[in-house]
Every structure is written in structure tokens, then in C-alpha cells.
Amino acid sequence: MKDSIAAKLQQLTLRLEELNGLLSSENATASMDNYRKLTREHAEITPVVELYKLYRQSEDDMRAAQEMVADPAMREFAETEIKEARARLEQLEAELQKELLPKDPNDERNIFLEIRAGTGGDESALFSADLFRMYTRYAERKKWQVEVMSQSQSELGGYKEVIARIAGQGAYSKLKFESGGHRVQRVPTTETQGRIHTSACTVAVLPEVDAVADVVLNPAEMRIDTFRSSGAGGQHINKTDSAIRITHLPTGIVVECQDDRSQHKNKARALAVLAARIKDQQVREQNQKTAATRKSLIGSGDRSERIRTYNFPQGRVTDHRINLTLYKIASIMDGDLDELTGALSSEHQAEQLAALGEETQAA
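How each quantity is defined
Residues numbered from 1 in each chain as written. Predicted model: local features only at pLDDT ≥ 70, side-chain atom pairs only at ≥ 80, totals over all residues. Heavy atoms only, no water. Helix = DSSP H or I, 4+ residues; strand = E, 2+ residues; numbered from the N terminus. Buried < 20%, exposed > 50% of the residue type's maximum accessible area, 1.4 Å probe, protein only. Contact = heavy atoms within 4.5 Å. Areas by Shrake-Rupley, 256 points an atom, 1.4 Å probe, with all protein chains shown as cover. Salt bridge = Lys/Arg side-chain N within 4 Å of Asp/Glu carboxyl O. Pairing = 2+ DSSP bridges. Axes fitted to C-alpha atoms, helices over the stretch in contact; angles between N-to-C directions. Expected span 1.5 Å × (residues − 1). Arc of directions from axis to C-beta. Phe/Tyr/Trp six-rings, centres within 6.5 Å; stacked < 30°, edge-to-face > 60°. Parallel < 35°, antiparallel > 145°, perpendicular 65-115°, else oblique. Left-handed = near helix turned anticlockwise from the far one by under 90°. Nonpolar A, V, L, I, M, F, W, Y, C, P; charged D, E, K, R; others polar. pLDDT = per-residue confidence, 0-100.

## Thoughts on the overall build of the protein chain
Move 1: Secondary structure assignment for the protein chain yields 10 helices and 11 strands.
Move 2: For the protein chain, with 363 residues in total, the buried portion stands at 38%.
Move 3: Within the protein chain, counting contacts between residues at least 6 apart in sequence, those at least 24 apart form 61% of the total.
Move 4: Counting only carbon and sulfur atoms, one obtains 48% of the accessible surface of the protein chain, whose full area is about 20100 Å².

## Let's talk about the pattern of salt bridges
Move 1: Per the counting criterion, the structure on display carries 27 salt bridges.
Move 2: With a closest N to O distance of 2.7 Å, Arg269 and Glu147 form a salt bridge. Note that Arg269 is positioned in helix α8 (residues 263-290) and Glu147 in strand β2 (residues 145-153), a separation of 122 residues in sequence.
Move 3: Accessibility expressed as a relative area gives 29% for Glu147, which makes it partly exposed.
Move 4: Among the ionic contacts, a cluster of salt bridges with common partners joins Arg133, Arg137, Glu140, Arg141 and Asp334.

## Concerning the sheet that holds strand β9 (residues 306-311)
Move 1: The strand order across the open sheet built from eight strands is β2-β3-β1-β5-β4-β9-β10-β11, with neighbouring strands paired in mixed fashion. Each of the sheet's edge strands pairs with one partner strand only, and the pair in question is β2 and β11 (324-326). In this sheet, adjacent strand axes meet at a mean angle of 15 degrees when their direction is disregarded.
Move 2: As paired elements, β9 and strand β10 (residues 316-319) share four bridges and run antiparallel to each other. Looking at β10, one finds that Asn311 is bridged to Arg316.

## Comments concerning the environment of Gln349
Move 1: Structurally, Gln349 is set in helix α10 (residues 338-362).
Move 2: Looking at Gln349, the relative accessible area reads 27%, which means it is partly exposed.
Move 3: On a C-alpha basis, the gap between Gln349 and Lys98 in space is 7.6 Å, while along the polypeptide they are 251 residues apart.
Move 4: Apart from residues lying up to four places away in sequence, Gln349 is in contact with Lys98 and Leu101.

## Description of helix α1 (residues 3-23)
Move 1: In this model, α1 (21 residues) spans 30 Å end to end at C-alpha, consistent with the 30 Å of a helix rising 1.5 Å per residue.
Move 2: The complete set of buried residues in α1 reads Ile5, Leu9, Leu12, Thr13, Leu16 and Leu19. Along the long axis of α1, the arc covered by the buried residues comes to 125 degrees, so they all point the same way. Facing away from the buried side of α1 by over 90 degrees, the exposed positions are Asp3, Gln11 and Glu17.

## Things to note about the packing of aromatic side chains
Move 1: Tallying each qualifying case throughout the model produces three aromatic pairs.
Move 2: Residues Phe127 and Tyr310 carry aromatic rings whose centres are separated by 5.3 Å and whose planes lie at 65 degrees to one another, so their mutual orientation is edge-to-face. Of this pair, Phe127 sits in helix α4 (residues 121-141) while Tyr310 sits in strand β9, and the two are 183 residues apart along the sequence. Exposure class is identical for Phe127 and Tyr310. Each is buried.

## With respect to the sheet that holds strand β7 (residues 243-248)
Move 1: Taking strand neighbours across the sheet as the criterion, the three strands line up as β6-β7-β8 in an open arrangement whose pairing is antiparallel. A single partner strand is all that each edge strand has here, and the edge strands are β6 (222-227) and β8 (253-257). Within the sheet, the average angular offset between the axes of one strand and its neighbour, ignoring direction, is 15 degrees.

## Re the side chain of Glu178
Move 1: Of note, Glu178 is situated in the loop between α5 (171-175) and β4 (180-186).
Move 2: In this structure Glu178 touches Tyr135, Val203, Val205, Ile307, Arg308, Thr341 and Leu344, once residues within four positions along its chain are discounted.

## Digging into the packing of α1 against helix α3 (residues 75-100)
Move 1: It is at 12 Å that the axes of α1 and α3 come closest, and there the two elements cross at 70 degrees. In terms of orientation, α1 and α3 fall into the roughly perpendicular class. For the pair α1 and α3, the crossing hand works out as left-handed. When α1 is examined against α3, the residues Ile5, Lys8, Leu9 and Leu12 are found in contact with a partner set consisting of Leu96, Gln97 and Leu100.
Move 2: Classifying every residue of the contact of α1 with α3 gives five nonpolar, one polar and one charged.

## Structural notes on unusual backbone geometry
Move 1: Notably, Lys143 is not glycine yet its phi reads approximately 65 degrees, a positive angle.
Move 2: Positive phi values are uncommon outside glycine, yet Asn323 reaches one of about 50 degrees.
Move 3: Inspection of the secondary structure assignment puts Asn323 in the loop between β10 and β11.

## Section: the confidence of the model for the protein chain
Move 1: Per-chain confidence: the protein chain averages 84 in pLDDT, with 88% of residues scoring 70 or above.
Move 2: Within the model, the stretch residues 232-238 combines pLDDT values under 50 with 11 contacts to residues more than four positions away or in other chains.

Below you can see the structure in the form of C-alpha cells.
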């Protein structure tokens, strides 16, 4: 284990002892905000320190076995012990490195999923609907809740645009790498000559933010317009100006919401989406400013970047960022995304480990 990593783990061990003392003191709950902060830090550090204890125990076991090698009667047993201890040390070191990787503070947040049709006309809108169904089915498998915030349907039943809120544990951590351009190659239902068409959609996955804590929405910087809903909803919804359009003047971001009969609910939904988009823009601008020379392969989230191709005639889905091709398009379109999301997460983790290795070498 590198000295810099061992030093970091030793610091965490001392910090855990300090936290134990603070949390067991008489005035630990004098400030509940501070108490919650300490308990959260305690919960984050404890698993790492426990792993480090196991690592040091394995080191002790290996040293003891090495001392026994000199005894001919114990040599075979000692060599087996050394081999097992070395394997344990390698496994524990890998786990410790993963635990030390920086955590994304948004990983446990709910998300706003935005899908927009791109090039390809009606076929692109139909593919938007297919993608939305894919993510909805994935959410159902995870026992997450899906709530449509806004939608603009095409004449053939697809979506020009659809925005949904997906609520569930780890929603952002699982779907954060889905942002970007999704391309489809297939024979459209409207195609009479049997020719394969290529069209595209863009997907954006935004973590839901606490508007008060994360984004300050100044009423003076927003223009709020009301209008009559254009979607389905019967006679009532078309008689009242329940739809809301909010324009954030400093950024030019425009959000519309018209899916509820209540103007108040539509406004609350639109403000939530607006806050998420503003935060997303701020984060992307910050990432561009602080981007290391070693560009992250996965984490750019660039909407214009083509990240995946769905080829129906060949039954394959290819993620271009990690050169992964899966020949299971039917199950993927039915929401079986674990293999894709898992591979993307593993690649991101590998990038972080490589960066951590570069940092420790520099140190």
C-alpha cells in the first residue's frame, strides 16, 4: 500500500475516535444540525476504518506466518497462510481504494429525466417515446416512482419532448451517465420501402435540487406567463389558464408545465425543473473551468455527444464511450439496463482509481 494512502487511512482512524468522543459527550445534541452532520460523517467513515482494521490484521497474520517459515515442521502450513494473507491484502487494498474515491453528493438524489426528439422527424419522436418507456420500465424494476412533469406529443403518438421526475434511492447514481445523444437505426413503421432510417434523441438526467439550499431563485429574474393547456385533459383543462411558462432571464432557460389542472401545482413543478436546470448549468460550467488535462471519458454529460446507438436490424446496443456492444436490444428496451449502467459505473470508477494513483505518485 502506498504511504500516502496509508497516511489517509490513519487520519480517518483518528478522526473516527474523535467523532466517537464528540457523539458520546453530554452536549452532543445541543445543536441538532451539528449532531446530524457528525452522525453522517461517522456513518461514512466507519466502513472505511473497519476495512483498514481488517487490512492491518491481515498484515499481522502474514508477518506471523513469515516467522514460522524458518521452522521446517511449520513451513508448509506457513506458506499456505502467507499465500492466503497476501490474497486478502490485495482484495482489501482494492476495496479501500474504492472507499477512498470521492463520493458524488448527488448520487442519492431523485432526478428529472428530459428526453427530446432530434433529427429524424416523426421517427425521432417515436423513438423518444420508446426511450421514455425504457427508463420507466427500469424505474419499475427498481421500485422507483415516475411522475410526468411535462410532455409535448407528436401526431403519431411519440414525444417531441417529455420531462419526468423519477424518485427513488440512488436514482441519480444509476442514471447519471445516460445524458447525451441516443441514435436509433431501424425501419420505421411509416417506411413502405423497407429502408433503414437513422434518427436521434437527446437525454438529460438532472439531479433534483433543494431550491432553497442549492439554487437561489430571485422572482425579479423570472418572467412567469400563464396560458391555456394544449394537451389532453378534457373540456375543463382548456377553459382555464392553468399552464405555466417560466423564463429565467439571466440564463435564458425556459420551462413549461401544463400537465396538471392546478396552476399552483404546475408552477411548483416548473420551479423545481428550473432549479435543477440552473444547477446543472452551474455544475457543467464549473467542470469546464476545473477540468483536468485528463478528460473524463464518461462524466462529461455533453448533450451533443453521441453516446449510444440502438441498431434494431442487428439486435444490438452499443455504448460508444466504453466500446460495449450488447446483443439484447429487446430486453434493454424493456428496461433491463443493469448491465449497461453497471459497466458505465465500473469504467468511471476505474478512471477515478487511475486519477487517484496519479495523485499519490505526484505526492
